Amino acid sequence: ENPFLTGLTAMEKKLAEYKCNTNEAIQLKLVRFPEDLEDDNTTFNPEYSHQVFGDDEVAFGYKGLKILLYYIAGNLSTLFRIEYTSKVNEKFDCVEADDVESKIREIIPPGFCTSTDDFVSLLEKEVNFKPFGMLLHTYSIHNEEAGEDITYQIYKADMTCPGFREYHERLQTFLMWFIETASFIDVDDERWNYFLVFEKYNKDGATLFATVGYMTVYNYYVYPDKTRPRVSQMLILPPFQGEGHGAQLLETVHRYYMSSPTVLDITAEDPSENYVKLRDFVLVKLCQDLLCFSPVKLMQGFSQEMVTEAQQKLKINKQHTRRVYEILRLRATNMGDAEQSRSYRLDVKRRLIGPYKKKQRELAKMRRCLRPEEMTNQLNQIDLNLQREQLEESFQQLVSDYRRVLERLAQA
């Protein structure tokens, strides 16, 4: 055996022990009471850390690495500390540990605490924290654990609110850990609107506010005198996920823009699958009582009346209105009835086939230039069969998504 290679693998093994998964190493907390600091139940971890630590989400050079990022629940004052049981040493190991601290400092604003004592003394001042901006909506959700209703409020804020700029800098750091392709926005652009969700809670007889989540919306200008708000980022913090806050927030934002005569309709930038499901639910809930969506009209097919009414009354664009129509029509359709179900399937597939047909035409054009006639026909036949399969698959997937929306509506 080559002693050099044996030595290398021993070295590699030793160094492999100094690799830590950053999604596990980063420990996040939203702190309300001093005892939360010691309570593991209040800790949560990132879903993503690749934007800070690279695609393999690994920090090298430490054993037992913990990256503590604790936030005071309301104003998000931050405690940032790094702990580890051992660290590689340049002198002995001839390798250098990753500079974890400077990587985190790049995304969290300055002015954080490094000692627990400082953080706890800030926690005592939290009673003075109040939400920013204008109250738009109050709602309550029954909490099984607490055995009571908890009250939440949604506010619209902007950079003129004192202290909001600094607060937003702390808030947006969460995007890095929970949105796969997050980026920080240019807050000096006045076309941004910010919508914030807070929970009211009690502490020593006082009412305090905890940050639940937020949404940023950019107001695009549309010639000559309209705007088209576009949802950019939306995040409900992990301790609050799955409780219905996303739907409350999106509906509140829609209602806010609905009251504005200059708004055309609301869109979203590069929406995730989860966001689309949420939007389907909220828009169907808003639309279901419009006259143009009565069962009789649904059965007559998608109409200009639906497009106009949804846009004028609810600021919903044509593409989203079409999805709403398909979901509501599914609810009105007896899928056990062969005629009704066939009619529904054809109607949806006709929309789905649009992009295919366009592609088909482009391919045909190309092939006419490239290939003899008989070859083209055969290929078209193969394409059509494949296309039918894909189409059927897309249709089935849609119907199952739509059914989930309808189930949620039935429970709402």
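Because the structure is a prediction, the values reported are computed rather than measured.

A. The arrangement of the pairing of strand E12 (residues 206–222) in detail. Counting buried residues along E12, 13 of its 17 residues qualify, which places the element largely inside the surrounding structure. Relative to E12, strand E11 (residues 192–203) runs antiparallel, the two being bridged by 12 bridges. Paired with Trp192 across the strands is Tyr218, a residue of E12. Summarising the sheet, E12 and strand E13 (residues 226–236) pair through 10 bridges and their orientation is antiparallel. Paired with Met215 across the bridge in E13 is Met234. Count of turn residues in the E12/E13 antiparallel hairpin: 3 residues.

B. Representation of the packing of aromatic side chains. In the structure shown here, the tally under the stated rule is 22 aromatic pairs. Geometrically, the ring pair formed by Tyr167 and Phe198 is tilted, given 6.4 Å between the ring centres and 35° between the ring planes. Here the residue Tyr167 occupies a position in helix H7 (residues 164–178), and Phe198 occupies one in strand E11, the gap between them amounting to 31 residues. With relative accessibility at 0%, the residue Tyr167 sits in the buried group. You can call Phe198 buried: its relative accessible area is 0%. Through successive ring pairs, a cluster of aromatic residues spans Phe129, Phe132, Tyr155, Phe164, Tyr167, Tyr194 and Phe198. Positioned above the aromatic ring of Tyr201 is the side chain of Arg32, whose terminal nitrogen or guanidinium carbon lies 4.4 Å from the ring centre.

C. The UniProt feature "domain: Histone acetyltransferase type B catalytic subunit C-terminal" (unreviewed entry) in the chain, seen in detail. Per the UniProt record, "domain: Histone acetyltransferase type B catalytic subunit C-terminal" (unreviewed entry) is annotated on residues 279–330. Counted over residues 279–330, helix gives 73% and strand 0%. Its end C-alpha atoms are 17 Å apart.

D. Up close: unusual backbone geometry. The omega torsion of the bond from Tyr223 to Pro224 falls at -5°, within 30 degrees of zero and hence cis. With phi around 50°, Asp204 is a residue other than glycine that occupies positive phi space. Along the polypeptide, Asp204 turns up in the loop between E11 and E12. The backbone phi angle of Asp270 is positive, close to 45°, even though this residue is not glycine. With respect to the element layout, Asp270 can be found in the loop between strand E14 (267–268) and helix H9 (273–287). The class for Asp270 is exposed, based on a relative accessible area of 67%.

E. Structural detail: the nonpolar core. Among the nonpolar cores identified, the biggest contains 108 residues, and Trp177 and Phe293 are the most heavily contacted of them. Ignoring sequence-local partners within four residues, the contact set of Phe293 consists of Cys287, Leu298, Met306, Thr321, Val324, Tyr325 and Leu328. Residues Val31, Tyr70, Leu79 and Leu123 belong to the second largest nonpolar core, which totals 9 residues.

The rules behind each value
Residues numbered from 1 in each chain as written. Predicted model: local features only at pLDDT ≥ 70, side-chain atom pairs only at ≥ 80, totals over all residues. Heavy atoms only, no water. Buried < 20%, exposed > 50% of the residue type's maximum accessible area, 1.4 Å probe, protein only. Helix = DSSP H or I, 4+ residues; strand = E, 2+ residues; numbered from the N terminus. Pairing = 2+ DSSP bridges. Phe/Tyr/Trp six-rings, centres within 6.5 Å; stacked < 30°, edge-to-face > 60°. Lys NZ or Arg CZ within 6 Å of the ring centre and 35° of its normal. UniProt positions renumbered as here; feature names shortened; annotations may be inferred. Core = buried A, V, L, I, M, F, W, Y, C linked by side-chain atoms within 4.5 Å. Contact = heavy atoms within 4.5 Å.

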